[in-house]
Amino acid sequence: MTTADTSATHPRPRPQPQPQPQPQARAVRLGPRSVTALVLVSATGAAGFAWPLFAGPGSQVSAHAQDAPWLFAGLLVLLVAVVAATISESGLGPKAVAMLGVLAATGAALRPIGAGTAGIEPMFFLMVLSGRVLGPGFGYVLGSVTMFASALLTGGVGPWMPFQMLAMGWFTMGAGLLPGPDRLRGRAELLMLAAYGFLAAFAYGTVMNLAGWPFMDALASNIAFDPHAALPANLARFVTYCLATSLGWDLGRAVVTVVLTLTLGTTLLKALRRATRRAAFESPVTFDPH
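Residues numbered from 1 in each chain as written. Predicted model: local features only at pLDDT ≥ 70, side-chain atom pairs only at ≥ 80, totals over all residues. Heavy atoms only, no water.

Caption draft 1: Up close: the overall build of the chain. Looking only at helices and strands, the chain features eight helices and zero strands. Beginning at the N terminus, the succession of helices and strands in the chain can be written as α-α-α-α-α-α-α-α. Classification of the 290 residues of the chain by burial places 44% in the buried group. Within the chain, residue pairs in contact and separated by at least 24 positions form 83% of the contacts whose partners lie at least 6 positions apart. (Helix = DSSP H or I, 4+ residues; strand = E, 2+ residues; numbered from the N terminus. Buried < 20%, exposed > 50% of the residue type's maximum accessible area, 1.4 Å probe, protein only. Contact = heavy atoms within 4.5 Å.)

Put into structure tokens, the structure is as follows:
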């Protein structure tokens, strides 16, 4: 007797390919004009932050102090240009505007909760997760608008406000530029976001120190900016200034961001992604002719 070959009549089942994750929808996608405006405002902001370190030894701080209102107005105009270019290129619809308003209002309301209490600022946690889900374009707009709204809410309007808007825009945009936005999920993603939030919280505090450090009275402290000193000497003074004045505040902000990310991050990420899918930002609007 011979064994019949049944492979032709009963083929073995082939493994089915695993479904690939769909790319995350973006409420705002950066186009050429918006990227150009973003680079312009970022370069201007970076120059406004770091000019004392690269100015000549004979520069006078008082001259910049007189120009601060003009810098304030100029940076606000550039920020508006970034938003306008982003809206015109991406077709920012009413759903994206509504989400922007809700998140900005929530972030602005969270900021005063820990004001003056060891850097407890939960709004940074919300900015990190929002930027991660909604992308760098939306993140930059959200960070800037949130800081503007919080300044109006707390009465913190002044020449420092555009610097805060720039720094928070960079902070939130950076979360949207982190790797694996469409594939990385779970504990690994939370750890990455927590690490970013920890480092970015210190970076935010450091760049904001540059906005006020040059205006300290050089005669009052040996860690103040010295317009007659060379770059290495001023760098040493600035590092000492950060360690002596803002390290505790920045550490509190960083720790709160990490704790909230690890404890509430999974829930908030799911909620933001669910809202993004339901909003269908990139789906074209169609009308039934009947």
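After that view of the structure, there is still more to cover.
Caption draft 2: Spotlight on the confidence of the model for the chain. Mean pLDDT over the chain works out to 77, with 71% of the residues at or above the 70 mark. Considering each helix and strand of the chain separately, the mean pLDDT is smallest for helix α2 (residues 61-90), with a value of 64, and largest for helix α6 (residues 187-212), with 91. (pLDDT = per-residue confidence, 0-100.)

Caption draft 3: Representation of a nonpolar patch on the surface in the model. Together, F198, L199, L251, V255 and V259 make up an exposed nonpolar region whose accessible area comes to about 420 Å². Sorting elements by how many residues they give to the nonpolar patch places helix α8 (residues 247-279) first, with three residues. Here V259 shows up in helix α8. A relative accessible area of 43% places V259 in the partly exposed class. (Patch = residues over 30% accessible without salt bridge, like charges linked within 9 Å, V, L, I, M, F, W, Y side chains within 5 Å. Areas by Shrake-Rupley, 256 points an atom, 1.4 Å probe, with all protein chains shown as cover. Salt bridge = Lys/Arg side-chain N within 4 Å of Asp/Glu carboxyl O.)

Caption draft 4: Inspection of the packing of helix α1 (residues 32-54) against α6 at higher detail. Where α1 meets α6, the closest approach of the two axes is 8 Å, and the angle between their N-to-C directions is 70 degrees. One finds that α1 runs roughly perpendicular with respect to α6. In this structure, the crossing between α1 and α6 has a hand that is left-handed. Residues F49, A50 and L53 of α1 lie in contact with α6, whose contacting residues are V207, M208, L210 and A211. Counted by class, the contact of α1 with α6 contains seven nonpolar, no polar and no charged residues. (Axes fitted to C-alpha atoms, helices over the stretch in contact; angles between N-to-C directions. Parallel < 35°, antiparallel > 145°, perpendicular 65-115°, else oblique. Left-handed = near helix turned anticlockwise from the far one by under 90°. Nonpolar A, V, L, I, M, F, W, Y, C, P; charged D, E, K, R; others polar.)

Caption draft 5: Geometry of the environment of L53. Tracing the chain through its elements places L53 in helix α1. Since its relative accessible area comes to 12%, L53 is described here as buried. As a C-alpha pair, L53 and P227 span 174 residues in sequence and 8.9 Å in three-dimensional space.

Caption draft 6: Quick look at the pattern of salt bridges. Overall, the coordinates contain four salt bridges when judged by the stated rule. The closest approach of N and O atoms between E189 and R132, which form a salt bridge, is 2.8 Å. With E189 in helix α6 and R132 in helix α4 (residues 123-154), this residue pair connects regions lying 57 residues apart in the sequence. For the pair formed by E189 and R132, the shared burial category is buried. Ionic pairing is found between D250 and R253, a salt bridge with its closest N-O pair at 2.8 Å. Of this pair, D250 and R253 both sit in helix α8, three residues apart, roughly one helical turn. Taken as a pair, D250 and R253 share a single burial class, namely buried. Connected through shared salt-bridge partners, E121, D250 and R253 make up one network.

Caption draft 7: Seen up close, the nonpolar core. The biggest cluster of nonpolar side chains holds 55 residues, and the ones touching the most others in it are V41, L103, Y140, M168, F171 and Y204. Per element, the largest residue contribution to this core is 15 residues, and it comes from α4. If near-sequence neighbours (up to four positions away) are discounted, M168 is found in contact with M123, F124, M127, G143, M147 and Y204. (Core = buried A, V, L, I, M, F, W, Y, C linked by side-chain atoms within 4.5 Å.)

Caption draft 8: Expanded view of the packing of aromatic side chains. Within this structure, the stated rule accounts for five aromatic pairs. Consider the rings of F171 and Y196, whose centres lie 6.0 Å apart with planes at 50 degrees: the pair is tilted. With F171 in helix α5 (residues 161-176) and Y196 in helix α6, this residue pair connects regions lying 25 residues apart in the sequence. The residues F171 and Y196 share a single accessibility class, namely buried. Grouping aromatic residues by their ring pairs yields a cluster made of F124, F171, Y196 and Y204. (Phe/Tyr/Trp six-rings, centres within 6.5 Å; stacked < 30°, edge-to-face > 60°.)

Caption draft 9: Spatial organisation of the side chain of N234. Of note, N234 is situated in helix α7 (residues 231-245). Once you skip the residues sitting within four places of it in the chain, N234 turns out to touch L53, W213, F225, D226 and A229.

Caption draft 10: Structural context of α7. Across its 15 residues, α7 extends 21 Å between first and last C-alpha, which sits within 8% of the 21 Å expected from 1.5 Å per residue. Listed in full, the buried residues belonging to α7 are N234, F238, Y241 and C242. The buried residues of α7 occupy an angular sector of 95 degrees when the element is viewed end-on, so they sit on one face. Summarising the geometry of α7, the exposed residues directed more than 90 degrees from the buried face are P232, L243 and A244. (Expected span 1.5 Å × (residues − 1). Arc of directions from axis to C-beta.)

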